[in-house]
Structure formats: C-alpha cells, structure tokens
Amino acid sequence: SALFSKTIRIMKILSGGQRFRRKTVNVYDVLLPFTILFLLNLAILILWTVQDPLTYTRLDHRGLDGWNRVISSYGTCKSENANYYMIPLFVL
C-alpha cells in the first residue's frame, strides 16, 4: 500500500509536468489511498487469523539411522483455506 501511494504521488507530479505547471501534492493525496489499502489488508489478515489460523506442523524426512531414529525433520505453517485469504491480499 505504501508503494502504491508513492506511485500515485509520482504520477500526479509527472502529469503536471506535461503541461509545464507546478504541481503540489498534499499529504492527504497520499495518505488517503494508503489508509484505505492498509485497513483493507488489516481486515483480511484479522479475519484469517480469527477464522482459520496458521498451525505449525513438523514432518519427518524419510530415512532412519542404525537405532531406528529419525535422521531429520522439517516444519511448515499450514492453513486449511489459505487461498480464500491469499487471493484478496494479492489483488490488493
């Protein structure tokens, strides 16, 4: 959202330069889109955390040593319905 706000600011400056006029970009012009996008991202992430939180799962790699012990393992965070939350985040 911050990068989008900065891009809007640059676009307004450059569009004013085509007419050879001085263009003033107020803080409000940048803060409004940033606030809207930030609040949308925050709402999606809060919903995801409350409705379908990530859970840490540790899985074993294949292979055992001489005493039948697991040699190595790895862990990942998983969510049952992650796509329902990731797609709107990528769109924003």
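Note that the structure is a prediction, hence the values are computed from the model and not measured.

K.L.:
When you look at the packing of aromatic side chains in this model, what are you seeing that I'm missing?
P.N.:
Under the criterion given, the structure shown has 2 aromatic pairs. Judged by centre distance (6.0 Å) and plane angle (15°), the ring pair of Phe34 and Phe38 falls under stacked. Within this pair, Phe34 and its partner Phe38 are both found in helix α2 (residues 27-51), separated by 4 residues, close to a single helical turn. For Phe34, a relative accessible area of 29% translates into the label partly exposed.

K.L.:
Is there a simple way to think about unusual backbone geometry in this case?
P.N.:
Most peptide bonds are trans, and most residues other than glycine sit at a negative phi. The residue Asn68 is not glycine, and still its phi comes out positive at about 65°. Residue classification places Asn68 among the exposed positions, given a relative accessible area of 62%.

K.L.:
I tried to follow a nonpolar patch on the surface on my own but got confused; where do I start?
P.N.:
A contiguous nonpolar patch, built from Tyr28, Leu32, Ile36, Leu40 and Leu92 and spanning about 480 Å² of accessible area, is present on the exposed surface. On the secondary structure map, Leu40 appears in helix α2. Note on Leu40: relative accessible area 40%, which makes it partly exposed.

K.L.:
Would you explain the pattern of salt bridges in this entry?
P.N.:
Where charged atoms from two side chains of opposite charge come close, those side chains can pair. Within this structure, the stated rule accounts for 1 salt bridge. For Arg69, the salt bridge goes to Asp65, with nearest N and O atoms at 3.0 Å. Judged by relative accessible area, which is 25%, Asp65 ranks as partly exposed.

K.L.:
Hey, could you run me through the packing of α2 against helix α3 (residues 83-91) in this one?
P.N.:
If you want to describe how two helices pack, look at the angle between their axes and the distance between the axes. Interhelical geometry of α2 versus α3 gives an angle of 170° and a closest axis separation of 10 Å. The pairing of α2 with α3 is recorded here as roughly antiparallel in orientation. Where α2 approaches α3, its residues Asn41, Ile44, Leu45, Leu47, Trp48 and Gln51 are matched on the opposing element by Tyr85, Met86, Pro88 and Leu89. Broken down by class, the residue content of the contact of α2 with α3 amounts to 8 nonpolar, 2 polar and no charged.

Definitions and limits used
Residues numbered from 1 in each chain as written. Predicted model: local features only at pLDDT ≥ 70, side-chain atom pairs only at ≥ 80, totals over all residues. Heavy atoms only, no water. Phe/Tyr/Trp six-rings, centres within 6.5 Å; stacked < 30°, edge-to-face > 60°. Helix = DSSP H or I, 4+ residues; strand = E, 2+ residues; numbered from the N terminus. Buried < 20%, exposed > 50% of the residue type's maximum accessible area, 1.4 Å probe, protein only. Patch = residues over 30% accessible without salt bridge, like charges linked within 9 Å, V, L, I, M, F, W, Y side chains within 5 Å. Areas by Shrake-Rupley, 256 points an atom, 1.4 Å probe, with all protein chains shown as cover. Salt bridge = Lys/Arg side-chain N within 4 Å of Asp/Glu carboxyl O. Axes fitted to C-alpha atoms, helices over the stretch in contact; angles between N-to-C directions. Parallel < 35°, antiparallel > 145°, perpendicular 65-115°, else oblique. Contact = heavy atoms within 4.5 Å. Nonpolar A, V, L, I, M, F, W, Y, C, P; charged D, E, K, R; others polar.

None of this, on its own, says anything about what the molecule does.
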